[in-house]
Amino acid sequence: MNKLSMIIGIIVMGYAIGALFFFRFWRESRDRLFLMFGIAFAVLGLQQLLYGLTDEASESPVLLYLIRLIAFVIILAGILDKNLKARKG
Amino acid sequence: MSAAGLPDDTRQFLREHVNSIEQLEILLRLYEIAPRSETSAELASALYLSPESIERRLNAYAEKGILVHSGPEPWHYSLASKESGYGQRIGKLARLYRERRVSVINEIFSNPIAAVQTFADAFIIGKKKE
Amino acid sequence: MANVVYILCAVTSISCAVLLLRSYRASRVRMLLWSGLCFSFLALNNILLVLDLTVLPEVDLSTVRSIPAVIGLGLLLYGFIWDEKST
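Here is a short report on the structure shown in this document. (Residues numbered from 1 in each chain as written. Chains lettered and ligands numbered in written order. Predicted model: local features only at pLDDT ≥ 70, side-chain atom pairs only at ≥ 80, totals over all residues.)

### Quick notes on the sheet that holds strand E3 (residues 76–79) of chain B
Residues and elements named next belong to chain B.
Part 1 of the reasoning: Strands sit in the order E1-E3-E2 across an open sheet of three strands; the sheet is antiparallel. Where the open sheet ends on each side, the last strands, each with one partner, are strand E1 (38–39) and strand E2 (67–70).
Part 2 of the reasoning: Bridging between E1 and E3 involves two bridges; their strand directions are antiparallel. Paired with Thr39 across the two strands is His76, which belongs to E3.
Part 3 of the reasoning: Its contacts with the sheet put helix H2 (residues 21–33) on E1, E2 and E3, and the angle it makes with E3 is roughly 80°. (Pairing = 2+ DSSP bridges. Helix = DSSP H or I, 4+ residues; strand = E, 2+ residues; numbered from the N terminus. Contact = placed C-beta atoms within 7 Å. Axes fitted to C-alpha atoms, helices over the stretch in contact; angles between N-to-C directions.)

Okay, here's the thing in structure tokens:
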């Protein structure tokens, strides 16, 4: 058992719990932004989980960084959606 | 305190949807004039409130489905329906406000404002600050 | 290619941090402070990833670069749990 594995485990849980909070906020407020953040955080947690399961040290394999890209695109989409809705009224 | 006497569904409705007297008056007015509609400017002058902040409240309620808006700009807002769940709860709230005004006001001010909503609002770029 | 992605992630994180911290300055709602700091640390995590891959490939920064993510997420969860409601 090495320190990096423990750290990755902490990060996975951090993203997972964060995602759960975002989903709850979405349920309470019906604001789609929270749904988007929740999905993004779940994806980021998944990415770290996959990273933890591989032997790579670097997070450079294509799959790993593409998944991270997807998560951040979801966040950007959520912010865009929020602002378009705010303008439409 | 006296707020303990309010029915649970009313208290929940207030907790979820009504954080200020201004919001309360908007809902009660639109209930009163339903099914007619008004623009935010008409509402602002009827209630002696500022049009910008009324506009934000109205849009928030429209997004939740409590109100509907129609027409080309300027939007006309009206209660979605008097018979729906929301409509009935607002009707009940209107009656309670007439009969037990102090209890309703106390209940509104006893709710802490959810910090959660401020998180979502932070991501609106370039909105007018109240 | 990985670098481009991680830089984009850093930029997005910084943008989120700026929006949240700006709102915190205006409203003093504490949850915004913690979440703003979280995204700042996530941005740092992405920047360190880029450094690890390109600038310092011979040094293994795996552990070091993950620490900001732990701190950031810790602050976020603290803010969500402790400061969810504010008067």
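### Here's the deal with the interface of chain A and chain C
Part 1 of the reasoning: The interface is formed by 21 residues belonging to chain A together with 21 residues belonging to chain C.
Part 2 of the reasoning: Residue assignment for the side of chain A that touches chain C shows that the elements contributing at least two residues are helix H1 (3–29) and helix H3 (62–88) of chain A.
Part 3 of the reasoning: It is H1(A) that contributes the most residues to the side of chain A that touches chain C, 11 residues altogether.

### Re unusual backbone geometry
All names here are of chain B.
Part 1 of the reasoning: The omega torsion of the bond from Ala34 to Pro35 falls at 5°, within 30 degrees of zero and hence cis.
Part 2 of the reasoning: Following the sequence through the fold, Pro35 ends up in the loop between H2 and E1.
Part 3 of the reasoning: A cis amide bond links Glu73 with the next residue in sequence, Pro74, at an omega value of -5°.
Part 4 of the reasoning: With respect to the element layout, Pro74 can be found in the loop between E2 and E3.
Part 5 of the reasoning: For Tyr48, which is not glycine, the phi dihedral falls at a positive 60°.
Part 6 of the reasoning: For Tyr48, a count of 7 C-beta atoms within 10 Å corresponds to the exposed category. (Buried ≥ 20, exposed ≤ 12 C-beta atoms within 10 Å, placed from the backbone.)

### Remarks on the environment of C:Gly72
All names here are of chain C.
Part 1 of the reasoning: Looking at where Gly72 falls in the secondary structure, it is placed in helix H3 (residues 62–82).
Part 2 of the reasoning: With 26 C-beta atoms packed within 10 Å, Gly72 lands in the buried category.
Part 3 of the reasoning: C-alpha separation for the pair Gly72 and Phe39, spaced 33 residues apart in sequence, amounts to 6.7 Å.
Part 4 of the reasoning: Contacts of Gly72, omitting those with residues within four sequence positions, involve Leu37, Cys38, Phe41 and Leu42.

### Let's talk about the packing of H1(A) against helix H2 (residues 32–53) of chain A
Residues and elements named next belong to chain A.
Part 1 of the reasoning: H2 packs onto H1 with a crossing angle of 165° between their chain directions and a minimal axis gap of 8 Å. Considering their axes alone, H1 and H2 lie roughly antiparallel with respect to each other. Of the two elements, H1 crosses H2, and the hand of that crossing is left-handed.
Part 2 of the reasoning: Looking at the contact of H1 with H2 residue by residue, the classes come out as 18 nonpolar, eight polar and no charged. (Parallel < 35°, antiparallel > 145°, perpendicular 65-115°, else oblique. Left-handed = near helix turned anticlockwise from the far one by under 90°. Nonpolar A, V, L, I, M, F, W, Y, C, P; charged D, E, K, R; others polar.)

### Quick look at the interface of chain B and chain A
Part 1 of the reasoning: Chain B puts 10 residues into the contact, and the matching count from chain A is 12 residues.
Part 2 of the reasoning: Elements with a contribution of two residues or more to the side of chain B that touches chain A: helix H4 (51–64) and helix H7 (115–122) of chain B.
Part 3 of the reasoning: In terms of residue count, H7(B) provides more of the side of chain B that touches chain A than any other element does, three residues in total.
Part 4 of the reasoning: Here the side of chain B that touches chain A is built from residues that sort into six nonpolar, two polar and two charged.

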